[in-house]
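Examination of the molecular architecture
Here are the chains, one letter per residue:
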Amino acid sequence: MTAPGANVPLDATSSLLGPTIGRRRKRLALIRHSYFVVGTALIAVALFCAALAPVVSPADPSTQDIAHRLAPPNTAHHVLGTDAVGRDILSRVIFGSRVSLTVGVLAVGVAGTLGTLLGLLAGYYGGWAETVIMRVADLQLAIPSLVLAIAVIAVLGSGLLNVIAVLGITGWVQYGRIVRGEILSIRNREYVEAARAVGANAARIIGRHILPNIAAAIVVVGTLQVGSMIVTEASLSFVGLGVPLNVPSWGGMAAEGRDYLATAWWIATFPGLAIMVTVLGMNLLGDWLRDVLDPRL
Amino acid sequence: MTRYLARRVVHAALVVLAVLAVVFVLIRLGGDPTPLFLPPTADAQEIAATRHALGFDRPLYVQFVDYLGRAVRGDFGVSLRQGEPAMGLVLERIPATIRLTALAFAIMLLIALPIGVLAAVRRNSLYDLCGMLFALVGQSMPTFWLGIVLILFFAVKLRWLPAFGAEGVAALILPGITLGTYSAAIATRLVRSGVLEVLPQDFVRTARAKGLSQAVVLCKHTLPNASIPVITVLGLQVGTLLGGAIITEQVFAYPGMGRLALQAIGNRDMPVVQAFVVVTAAIIAATNLAVDVCYSLLDPRIRYT
């Protein structure tokens, strides 16, 4: 018989591995806690930069210092160097956080609201509404969201509002499917039946009894989606379909820096690093929230 | 099995037809689609002439039937920039994109399967922690930035690999790694979850109780049963890879259909954009069909449901 060892699953041998399990649980709790601490710290830095950009940035992000164009980091009062027209990279990275966070949060707001409403409609009422909504969701899943976003922007044109709208509209499916699934599992529970029996109408049942029970799942998906929205916005800006070039954005800066990789690596590197750190913060916080609020997801 | 397959083929065809309808609606979202088929400098006379030439002055249902009829034959019109059939231009670029996507898919498998399985089998160990850290960082890294960093190190500093183009196998390595890493990060996590769901089940415990070695329990009893959710995840990644290929092709100036689509958007070459979206959806529908066939081969119960 195979002796139970460290490489067998946790649940299968929990009674045999008391002290080991205790140590592992402690380690797991510590990791989860570190996810929360690191994630919150990274997001706090990004939010601080976005909120206080004019105060904390060392220079105006549009001011051109032609005498010091393509200056490497730590020269001529430019901590992260300058770009091809002498604009301060640090200031542009700080101001770029405004675009990324605005798009990330607002697009998730649009996607979450739309997806929750459609998921509620499909899950609570069922029938043809459910069929239509879920078929549209299936169809949307057949086209990669980036391809769909690019196709819509090709028609509507780029710009901050269009990017937010497109990302919101292409991002609803996740919420719709999860909300519908959750409602299907709770709409016939005793407390919902009881509310129905005492004469509560659909709006009251949904608002007072269903939404509070599915809020955790929506919050977890939303937190994890902010990061992917930030990456998608940056990708769209990188290929010239995001925010206008005169607005400092991390994706747009990386695109500008791509032409100077051999001579000025810093132009593309620091905005990319800023995206990675911010998205990592959102993902760490999302993971922690998932473990705490809804481990089934 | 034949009936099951026929059902799946019809489903895939319906998805492509629905995407055609979406594209039709999409280009009419802003009202008159004629300006989308012309340079921004076109005057009113040119717009009117093009509207008539492209049939946009006809009733909507006539336009739709005509559009569907031409689209199912692969006729999306002529590229406004290059004067050649739009579908032909997209099809010409498909082999390059498929080469890149296939390499990225292979890289994804090479990374995600061992790390995901090991992380699940040694749950809560250092392996698991490192695997999940890779998944977190990989998912947080924008594809274009990873590409830029790889170019910086391997092409600019070390001069080991070419930074741009599609000449030879070496030119595929950096774009392949760039494209595969993001999907590998997602897949690692999902492979781990898939294996973790199977590990506590009774048949695994029984196999272990019989005295089978860990390797046999894993290879003979755990992985085949974890393969269905894992194949779903891997199949879904094809769509992610095709989407990511647009960005990767742009970073490495790789001549695939994603780069063609971006150039077409820049040139307001709407016939090419339409053909690109439909071809992408068709490739994804075909992949999903292949995944369905794999399911039915792996799990006979699926054929009879």
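Residues numbered from 1 in each chain as written. Chains lettered and ligands numbered in written order. Predicted model: local features only at pLDDT ≥ 70, side-chain atom pairs only at ≥ 80, totals over all residues.

Some thoughts on the overall build of chain A
For the record, the criterion: Secondary structure elements follow DSSP: runs of H or I no shorter than four residues count as helices, runs of E no shorter than two count as strands, and numbering proceeds from the N terminus. Backbone-placed C-beta atoms define the burial measure: a residue is buried with 20 or more other C-beta atoms within 10 Å of its own, exposed with 12 or fewer, and partly exposed in between.
Counting its regular elements, chain A contains eleven helices and zero strands. Listed by position from the N terminus, the elements making up chain A come as α-α-α-α-α-α-α-α-α-α-α. Put simply, chain A has 297 residues, and 46% of those count as buried.

Section: the overall build of chain B
Our working definition: Whether two residues are in contact is decided by their C-beta atoms, placed from the backbone, lying within 7 Å.
When its secondary structure is counted, chain B shows eleven helices and zero strands. Viewed in the frame of its principal axes, chain B has a C-alpha envelope of about 85 × 55 × 30 Å. Taken over 305 residues, chain B has a buried fraction of 42%. The contacts in chain B between residues at least 6 apart in sequence include a share of 70% that link residues at least 24 apart.

Things to note about the confidence of the model for chain A
Stated precisely, the cut-off is as follows: Along the chain, pLDDT gives the predictor's confidence residue by residue, from 0 to 100.
Mean pLDDT over chain A works out to 85, with 90% of the residues at or above the 70 mark. Here helix 1 (residues 18-51) of chain A is the element of chain A with the lowest mean pLDDT, 81, and helix 3 (residues 89-125) of chain A is the one with the highest, 93.

Quick notes on the interface of chain B and chain A
This is how it is decided: Charged means Asp, Glu, Lys or Arg here, nonpolar means Ala, Val, Leu, Ile, Met, Phe, Trp, Tyr, Cys or Pro, and polar covers whatever is left, Gly included.
Every contact between the two is made by 53 residues of chain B and, on the other side, 45 residues of chain A. Looking at the side of chain B that touches chain A, the elements with two or more residues in it are helix 1 (2-26), helix 5 (126-140), helix 6 (143-157), helix 8 (202-209), helix 9 (214-251), helix 10 (257-266) and helix 11 (270-298) of chain B. A total of eight residues in the side of chain B that touches chain A trace back to one element, the largest contributor, which is helix 9 of chain B. Residues of the side of chain B that touches chain A, tallied by class, amount to 35 nonpolar, 14 polar and four charged.

Thoughts on the packing of helix 5 (residues 145-156) of chain A against helix 11 of chain B
Worth spelling out the cut-off: For helices, the axis comes from a line fit to the C-alpha atoms of the stretch in contact; other axes are also lines fit to C-alpha atoms, and the angle between any two N-to-C directions lies between 0 and 180 degrees. For this classification, under 35 degrees means roughly parallel, over 145 means roughly antiparallel, 65 to 115 means roughly perpendicular, and everything else is oblique. Less than a right angle of anticlockwise turn of the near helix away from the far helix marks a crossing as left-handed, whereas a clockwise turn marks it as right-handed.
Relative to each other, helix 5 of chain A and helix 11 of chain B sit at 160°, their axes nearing to 11 Å. Between helix 5 of chain A and helix 11 of chain B, the angle falls in the class roughly antiparallel. Handedness of the helix 5 of chain A/helix 11 of chain B crossing: left-handed. Contact residues: helix 5 of chain A offers Val147(A), Ala151(A) and Ala154(A), while helix 11 of chain B offers Val273(B), Val277(B) and Thr280(B). Classifying every residue of the contact of helix 5 of chain A with helix 11 of chain B by side-chain character gives five nonpolar, one polar and no charged.

Comments concerning the packing of helix 7 (residues 170-198) of chain B against helix 9 of chain B
Residue and element names in this part refer to chain B. At a minimum axis separation of 8 Å, helix 7 and helix 9 run at an interaxial angle of 160°. Relative to helix 9, the element helix 7 lies roughly antiparallel. For the pair helix 7 and helix 9, the crossing hand works out as right-handed. Residues that form the contact of helix 7 with helix 9 fall into these classes: 17 nonpolar, nine polar and no charged.

Details of helix 8 (residues 190-197) of chain A
With zero of eight residues buried, helix 8 of chain A lies mostly on the surface of the structure. Looking at the residues trailing helix 8 of chain A, positive phi occurs at Gly199(A), about 95°.

Description of the environment of Pro271(B)
Residue and element names in this part refer to chain B. Relative to the elements of secondary structure, Pro 271 occurs in helix 11. Put simply, Pro 271 and Ala 86 are 185 residues apart on the chain and 5.8 Å apart in space, counted from C-alpha to C-alpha. The residues touching Pro 271, leaving out its near neighbours within four places in the chain, are Phe 76, Gly 77, Val 78, Ser 79, Leu 80 and Ala 86.

Some words on the nonpolar core
Note the cut-off: A set of buried residues drawn from Ala, Val, Leu, Ile, Met, Phe, Trp, Tyr and Cys, joined through C-beta atoms within 7 Å, is what defines a nonpolar core.
Core analysis: the biggest nonpolar cluster contains 162 residues, and Ile150(A), Val90(B), Ala261(B), Val272(B), Val273(B), Phe276(B) and Val277(B) have the highest contact counts within it. In terms of residue count, the dominant contributor to this core is helix 4 (residues 86-121) of chain B (17 residues).

Remarks on the confidence of the model for chain B
When pLDDT is averaged across chain B, the result is 87; 98% of the residues are at 70 or more. With a pTM of 0.85, the predicted complex shows an ipTM of 0.84.

What about unusual backbone geometry?
All names here are of chain A. If you check the backbone angles, Leu 70 has positive phi at about 55° while not being a glycine. Tracing the backbone shows Leu 70 in the loop between helix 2 (53-56) and helix 3. Unusually for a residue other than glycine, Asn 74 sits at a positive phi of about 65°. Here Asn 74 shows up in the loop between helix 2 and helix 3.

Looking at the environment of Val56(A)
Residues and elements named next belong to chain A. Examined against the element boundaries, Val 56 turns out to sit in helix 2. The partly exposed category is assigned to Val 56, around which 13 C-beta atoms lie within 10 Å. For the pair formed by Val 56 and Phe 95, sequence separation is 39 residues and the distance between their alpha carbons is 9.7 Å. The residues touching Val 56, leaving out its near neighbours within four places in the chain, are Cys 49 and Ile 94.

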